[in-house]
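An overview of the molecular structure
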Amino acid sequence: MKFLSEYRDPELVKEYIQELHRITTKNWTLMEICGGQTHSLVKNGILDMLPEKITMVHGPGCPVCVTSVSVIDEAVWLAEQPNHILCSFGDMLRVPGSKKSLLEAKAAGADVRILYSPLEAVELAKQNPTKEVIFFAVGFETTAPANALSVVHAAQQSILNYSILASHVLVPPAMEAILSDEANIIDAFLAAGHVCTIMGLEEYYPVAAKYKIPIVVTGFEPVDLLQGILMAVNQLEKEEYKVENQYSRAVLREGNKMAKDTIQKVFSISDRIWRGIGSIPQSGFEVNERYKLYNARLKFHIDIPFAEENKECISGDIMKGLKKPKQCPNFGSKCKPEHPLGAPMVSSEGACAAYYHYSSDAIAQ
Amino acid sequence: MPKFDFDVITLGHGSGGLLTHRLLQSGVFDILKNDLLDQQHDGASFSLEGKTAFSTDSYVISPIFFPGGNIGELAIYGTVNDLAMCGAEAKYLSLAFIIEEGMTMESFWIVLNGIKRAIDKAGVKIVTGDTKVVERGKGDHIFINTSGIGIIHPKANIHHNRIEVGDQIIISGNIAQHGIAIMSKREGLEFETDIVSDSNNLNHTIIALIEELGEDIKFLRDPTRGGLASVLNELAEIRKLGFVIDQNSIPIDDQVEGACEMLGLDPLYVANEGLFVAIVKKEVATKVLELLQKDENGVNARIIGEVTDTHVGKVMMKSRIGGHRVVGYLTGEQLPRIC
């Protein structure tokens, strides 16, 4: 991946760090939205290199982390029905539901498959006409186009044994939920580069204006992140609040029109329960009326009680940036990746897992 | 491939009866031929001189054919290399097959030839073996177990107890080749790449190192499952010392790194098959590197770090951009990520 090396250049990193030290005069708290950004910050040791006045808190942008226990339970139930094949992205498998994870369901005999693309699931449905193939469609706006496209493909080919369990979540409503919380401490956002590749910048302008907060769309490599932080701090120091695009090599102001059209064709916006945060109005995608035959929730009568979150997990406070993982009394003791109390410790992009795996500070706790 | 009067392996080929006899006589014995195996007894009889090492491993890889090799070669090299990590030159191996009913003779023949290539290259003999066949659905084409005996080199003194502060950590080549080569062919994940497994025998390389530098080679380990990070974590924990590595000096092929990025895997945890980590006395580190870089198994060898008395029990990595992070144990299996 030669094209990435310039974004990992130690000399450039040094220059950005120096510039940050030079311009920062006040204490600022920045939130990076995306779990991929969190991991890059921790994995590359960037947090220790920042000026002391800058605090990074880690946002809700890990789809695995915010998928509610009830939705995991739905997926497990679907997987356990005879003649069902449940397909999922890999890192959903370990997330605990109220009774078990998909990995445990698989070990007990359920047909659960890890795929990289929902289009493979459509293919699987075609090859197994006597079985029901269900794709567990989780993710932010990033994964929505491919999941929507799988439904369009299935419909075009009249494949009727395919459906999706949609659990899509949307970034802007989550940002608003965080900002309107009384305890909010966030001064600026680094918005998630990949999400904006699809959606563009438009929906962020009203948020920046309403809450008077800088929003910098940022990439994932060390130089991207430092540049994003620098742009945000620059705005804060000048008392500005604009939407800026650090990740312009991938993000256009209007986003990806074709991807957005596909999303609109298949999904409608719905309320969604976020693990640890609760219900956020108009914060998710659900399969729309036109494609209801492909909505696993309508197709199968999923008969399970509503599951409560584990009260011991403070993931809500962590995803709102109110607490750091190591401020949780269970971090590293009762809650570890091998026996997680909540999703941020499970997912490869969860903030707790990032601290647990990479941060020397956290390990010493 | 010789002509067999059957195309697929059936339960009968593991019965110990006529079919087993035919399978062995028509191919296996011929291809693995040596004086000890030719005794065709229940076990092999031989004498050994010197301190010996003994090791065993089972091979259940899927898919059984992969870029750069097959399960047959892997089963030989794996055990030969485990012995090499004890400072031993492998001599005699046992070979046991558990075959799933329905495996084609053609596939079996390819595996057998892989074994033949590997034993010739490593210079070892298969002296005893076993063949079982299980019902369809109860295996995954073929499982292989090999055990091996080797003679420890008189100058070898390999033990983790010998690791001290200041010792240098050397890796013999590019990491994560094998795991990514396998991943690129696994069902549901297939992607186009030229990445081949690093599966190879390390015995000649190791013996040459020990011959030259003896006790200054303090510890050897092949980072197979769990990769480089797991080996270093185990050592840091057992020895209660700190291990510091530098990301910039860890050799990795661009394509392998790209595939890891794409799949969301950390190459430090990805499996290797023809690779080893050596912990050596500081004074000989450059010499080790010099010797290794002339060897087929060490062209890309690098010093990647050193043993310290700070952050005891942990592996710390200096990141490419100069930050620091802990490299911990892997929890469960690395699963591909969402986005």
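All values derive from a computational prediction rather than experimental measurement. (Residues numbered from 1 in each chain as written. Chains lettered and ligands numbered in written order. Predicted model: local features only at pLDDT ≥ 70, side-chain atom pairs only at ≥ 80, totals over all residues.)

Here's the deal with the overall build of chain B
Note the cut-off: Helix and strand labels come from DSSP, where a helix needs a run of H or I of at least four residues and a strand needs a run of E of at least two; each type is numbered from the N terminus. In this description the radius of gyration comes from C-alpha coordinates, and the expected globular size is given by 2.2 Å times residues to the power 0.38. Contacts here follow a simple rule: the backbone-placed C-beta atoms of the two residues must lie within 7 Å.
A count of helices and strands for chain B gives eight helices and 13 strands. A compact globule built from 339 residues should have a C-alpha radius of gyration of about 20 Å, and chain B, at 21 Å, falls within 12% of that. C-alpha extents for chain B along the principal axes are approximately 65 × 55 × 30 Å. If you take every contact in chain B between residues at least 6 apart in sequence, the share linking residues at least 24 apart comes to 86%.

A closer look at the domain arrangement of chain B
Accessible area lost upon the coming together of the parts serves often as the stated size of an interface. Residues and elements named next belong to chain B. The condition is simple: Here the limits of each domain have been adopted from an automatic or database domain assignment.
Looking at the assigned domains, one finds that chain B contains domain 1 (11-152) and domain 2 (160-327). For domain 1 versus domain 2, the separation of C-alpha centres amounts to 28 Å. Counting residues at the interface gives 19 residues for domain 1, matched by 21 residues for domain 2. Looking at the side of domain 1 that touches domain 2, the elements that each hand over two or more residues are α2 (71-85), β4 (88-100) and α3 (105-122).

Describing helix α5 (residues 69-80) of chain A
Defined as follows: Expected span, for any helix, means 1.5 Å times one less than how many residues it has. We call a residue exposed when 12 or fewer other C-beta atoms sit within 10 Å of its C-beta, buried when the count reaches 20 or more, and partly exposed for counts in between; the C-beta positions come from the backbone.
For α5 of chain A, built from 12 residues, the straight-helix expectation of 16 Å at 1.5 Å per residue is met to within 8% by its first-to-last C-alpha distance of 16 Å. α5 of chain A sits mainly inside the fold: 10 of its 12 residues count as buried.

Remarks on the sheet that holds strand β12 (residues 315-318) of chain B
Residue and element names in this part refer to chain B. Selection criterion: Between any two strands, pairing holds if DSSP finds at least two bridges. Interaxial angle, 0 to 180 degrees, is taken between N-to-C directions of lines fitted to C-alpha atoms, where a helix line uses only the stretch in contact.
Here we have seven strands laid out as an open sheet, ordered β8-β10-β7-β11-β9-β12-β13, and mixed in their pairing. Both edges of this open sheet fall to β8 (217-221) and β13 (324-327), since each of them pairs with a single strand only. Here the average twist between neighbouring strands, direction ignored, is 25°. By the bridge criterion, four bridges tie strand β9 (residues 242-246) to strand β11 (residues 302-308) in an arrangement that is antiparallel. Each bridged residue has a counterpart across the sheet, and for V244 the counterpart in β11 is E306. Along the sheet, helix α8 (residues 285-293) contacts β7 (168-171), β10 (277-280) and β11; its crossing angle with β7, the most-contacted strand, is approximately 10°.

Observations regarding the environment of E212 of chain B
The topology assignment puts E212 of chain B in helix α5 (residues 203-213). For the pair E212 of chain B and K287 of chain B, spaced 75 residues apart in sequence, the C-alpha separation works out to 9.6 Å.

What about the confidence of the model for chain B?
Formally: Here pLDDT means the predictor's own confidence in every residue, given as a number from 0 to 100.
When the pLDDT values of chain B are averaged, the result is 92; 96% of them are 70 or greater. Scored as a whole, the predicted complex attains pTM 0.83, and scored at its interfaces, ipTM 0.72.

Points about the sheet that holds β4 of chain B
All names here are of chain B. Strand order in the open sheet made by the four strands is β1-β6-β4-β5, with mixed pairing throughout. Since the sheet does not close on itself, it has two edges, and those belong to β1 (52-59) and β5 (125-134), each with one partner. For this sheet the average axis-to-axis angle between neighbouring strands, irrespective of direction, equals 15°. Pairing of β1 with strand β6 (residues 142-152), which is carried by eight bridges, proceeds in the antiparallel orientation. Among the inter-strand pairings, S58 is bridged to a residue of β6, identified as N145.

With respect to unusual backbone geometry
Omega for the peptide link from S62 of chain B to P63 of chain B comes to 0°, which places this bond in the cis form. Positionally, P63 of chain B belongs in the loop between β1 and β2 (65-66). Phi angles above zero are rare outside glycine, and S158 of chain A is one such case at about 50°. When you line up the elements, S158 of chain A lands in the loop between α8 (144-156) and β6 (162-169). Taking the number of C-beta atoms within 10 Å as the measure of exposure, S158 of chain A has 6 and is therefore exposed. In this structure, K212 of chain A is a non-glycine residue whose phi angle is positive, near 50°. Tracing the backbone shows K212 of chain A in the loop between α11 (204-211) and β8 (215-218).

Regarding the packing of helix α1 (residues 18-32) of chain B against α3 of chain B
Residue and element names in this part refer to chain B. Operational definition: The cut-offs work like this: below 35 degrees is roughly parallel, past 145 is roughly antiparallel, 65 to 115 is roughly perpendicular, and the gaps in between are oblique. Helix crossings are classified by the rotation of the near helix relative to the far one: an anticlockwise turn of less than a right angle makes the crossing left-handed, while a clockwise turn makes it right-handed. Note on residue classes: Ala, Val, Leu, Ile, Met, Phe, Trp, Tyr, Cys and Pro are nonpolar, Asp, Glu, Lys and Arg are charged, and everything else, Gly too, is polar.
At a minimum axis separation of 10 Å, α1 and α3 run at an interaxial angle of 15°. When the interaxial angle is binned, α1 and α3 end up roughly parallel. Between α1 and α3 lies a crossing whose hand is right-handed. Here α1 contributes G27, V28, I31 and L32 to the contact with α3, which in turn contributes W109, L112 and K116. Its residues placed into classes, the contact of α1 with α3 shows five nonpolar, one polar and one charged.

Looking at the pairing of β4 of chain B
Residues and elements named next belong to chain B. Selection rule: Clockwise travel from the first strand over the helix to the second, with the strands pointing away from the viewer, marks a crossover as right-handed.
Pairing of β4 with β6, which is carried by 11 bridges, proceeds in the antiparallel orientation. Across the sheet, the residue bridging to S94 is S147, located in β6. When β4 meets β5, the two strands line up parallel, connected through nine bridges. Bridged to L95 within β5 is G129. Handedness of the β-α-β unit built from β4, α3 and β5 comes out right-handed.

A few points about α8 of chain A
Residue and element names in this part refer to chain A. Taking 1.5 Å of rise per residue, the 13 residues of α8 would be expected to cover 18 Å, and the 18 Å separating its terminal C-alpha atoms lies within 8% of that figure. Taken together, the buried positions of α8 are occupied by A144, N147, A148, L149, S150, V151 and A154. Looking one or two places after α8, you find S158, whose phi comes out positive at around 50°.

With respect to the packing of α8 of chain A against helix α13 (residues 257-266) of chain A
Residue and element names in this part refer to chain A. Running from N to C, α8 and α13 point in directions that differ by 55°, and their axes come no closer than 8 Å. Between α8 and α13, the angle is such that the two are oblique. In this structure, the crossing between α8 and α13 has a hand that is left-handed. Touching A144, P145, A148, L149, V151 and V152 of α8 are A259, T262, I263, K265 and V266, all from α13. Residues of the contact of α8 with α13, tallied by class, amount to nine nonpolar, one polar and one charged.

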